[in-house]
Amino acid sequence: MLIRAIIRALVLFVAYIAYQHVYRPFPAVIYTLPPPPALENNNTLLQSATKYHSDQLIAPETIAFHPNHTMYTGCYDGQIFSVSPYPTFTLSHVSYTGYASSLLPEQTHLCTLPGNHWLCGRPLGMVFKSSDTLIIADGYHGLLSYDLSSRTFTSLWNHTQYDTNSVTLSEDGDTIYFTAASGLFRNFEVMYDAISGQCSGALLSYTFSTNSTRFLARDLCFPNGVLLLNAHTLLYAETNSASLTTLDLRTLKITPVATNLPCLPDNLEFDKGSRTHYWFGCGGPLRMSSRFSFYDSMGQWPSIRKLLVYLLPYPMIKKFAVPEAMIVRMAVVDANTHRISDVMMDPTGSVLDTTTGAHWNTHDDSLWLTSYKTHVKYMARVKWSPPPPTPNK
């Protein structure tokens, strides 16, 4: 009887896998990354961070600074919040990017449940076009413009295929550059994009004066943070390839400027008063020669990654991510080369976990840290000072 039960279980298992492969195929392919780099300045500097508004924010992804120094952030449940300037840091609800504003107060808990993301929205990248106009990249509702005075939204661009992610503004304020991280998976299943190894993202622009959208680059490996270095050069992070790339807006020439980074880069923000230094947060696992990288090691095994997807529910797959945090400061050496200048870490995640953004607040002279992980229910603040220059010998 035992043997028959084992055989029956094996048959059912094989049948289930075959059904998934035929009727719900997962598009996993081989991907290859260089051996993880050595990181000399390993530290625990992020463990000195202070948390704010714990259990009031669910995965605040990024920060936009209003001209009056108020911070705005978007959360997993579709809410946009404002945080008043130093020293009060008072938290206030602004709006939902989806349709949750029409819900009764006792119904808003629905926004935290799986399957309701389209209803409530997921505000990700944000930037102020003016003191009254906030531009938002929403993972489900595309590129939005929010009028703070009338409290109304205007849809600028939405494509149901793409997960709109990060935004930056041109110098004349007429064009928004933004990333669409994935053309295969929506924001609530973002880890599937890394597991698949596919490069289906895009970099786009939207111009207000012509009300037109243009694809600048396609087939990118989860394009994430985006930053305008100068009038003609756009910098973006390709998260799944652990690299940073520039795009010449005149010729659309693409130039890799930093590869084989010690983590999977996420949001990009300029350093304090600088156009030659910037920060990025780490949205994926740390990649260092001193530790094992599950993400790197699975690149050559698409069949195993498919099997994991077929067998394990998505919430369980998310648990493969270990607690750890790092932000990286980069220096622009020249048009073709950007190098790591400094890092701040919490390598064990004892205080912070997965800091996807490091945002310099000139008003309180500190870095504010954000995260996309749903169990991260806070913003964090940390002091940082650049190291003194090395004296010439």
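My aim in this report is to walk through the structure given alongside it, one point at a time. The residue count restarts for each chain, going from 1 along the sequence in the order it is written. Under the rules for a predicted model, residues below a pLDDT of 70 receive no local features and side-chain atom pairs below 80 are neither given nor counted, while totals for whole chains, interfaces and linings still include all residues. For the side-chain quantities, the full set of heavy atoms in the structure was used; hydrogens and water were omitted.

### Brief notes about unusual backbone geometry
Then, in step 1: The amide bond that connects Tyr86 to the next residue, Pro87, takes the cis arrangement and shows omega of 10°.
Then, in step 2: Starting at the N terminus, helices and strands are each numbered in turn, a helix being any DSSP run of H or I of at least four residues and a strand any DSSP run of E of at least two. Following the sequence through the fold, Pro87 ends up in the loop between β4 (79-83) and β5 (91-96).
Then, in step 3: Of note in this structure, Asp55 is not a glycine but carries a positive phi near 65°.
Then, in step 4: Position of Asp55 among the secondary structure elements: in the loop between β1 (50-52) and β2 (64-65).
Then, in step 5: In this scheme, a residue with accessible area under 20% of its type's maximum is buried, one over 50% is exposed, and one in between is partly exposed, where area comes from a 1.4 Å probe on protein chains only. Overall, Asp55 belongs to the exposed group, its relative accessible area being 67%.
Then, in step 6: The phi torsion at Leu252 lies on the positive side, around 65°, for a residue other than glycine.
Then, in step 7: Residue position: Leu252 is located in the loop between β16 (243-248) and β17 (254-258).
Then, in step 8: Looking at Leu252, the relative accessible area reads 26%, which means it is partly exposed.

### Focus on the packing of aromatic side chains
Then, in step 1: Centres within 6.5 Å are what make two rings of Phe, Tyr or Trp a pair, Trp counting through its six-membered ring; a difference in plane orientation under 30 degrees is then read as stacked, over 60 as edge-to-face, and the rest as tilted. Tallied over the full model, the rule gives 18 aromatic pairs.
Then, in step 2: Seen from their ring centres, Tyr52 and Phe89 are 5.2 Å apart, and the 75° between their planes marks the pair as edge-to-face. In this pair, Tyr52 is assigned in strand β1 and Phe89 in the loop between β4 and β5, connecting sequence segments 37 residues apart. In this pair, the class of Tyr52 matches that of Phe89, namely buried.
Then, in step 3: Plain terms: the ring middles of Tyr206 and Phe208 are 5.2 Å apart, the flat faces sit at 85° to each other, and that makes the pair edge-to-face.
Then, in step 4: Phe208 gets classed as partly exposed once you look at its relative accessible area, which sits at 24%.
Then, in step 5: Joined through ring pairs, the aromatic side chains of Phe26, Phe185, Tyr192 and Tyr314 make up one cluster.
Then, in step 6: Whether a charge lies above a ring is judged from NZ of Lys or CZ of Arg, which has to be within 6 Å of the ring centre and within 35 degrees of the ring normal. Sitting above the plane of the Phe215 ring, Arg218 keeps its charged end 3.8 Å from the centroid.

### Section: the sheet that holds strand β12 (residues 201-207)
Then, in step 1: Two strands make a pair as long as DSSP finds a minimum of two bridges between them. Strand order in the open sheet made by the 4 strands is β10-β11-β12-β13, with antiparallel pairing throughout. This sheet does not close on itself; its edge strands, each paired only once, are β10 (164-169) and β13 (212-220). In this sheet, adjacent strand axes meet at a mean angle of 20° when their direction is disregarded.
Then, in step 2: Bridge analysis of strand β11 (residues 175-180) against β12 gives 6 bridges, and the strand direction is antiparallel. Paired with Thr175 across the strands is Thr207, a residue of β12. Every axis corresponds to a line fitted to the C-alpha atoms, with the helix fit spanning only the stretch in contact, and the corresponding angles, defined between N-to-C directions, vary from 0 to 180 degrees.

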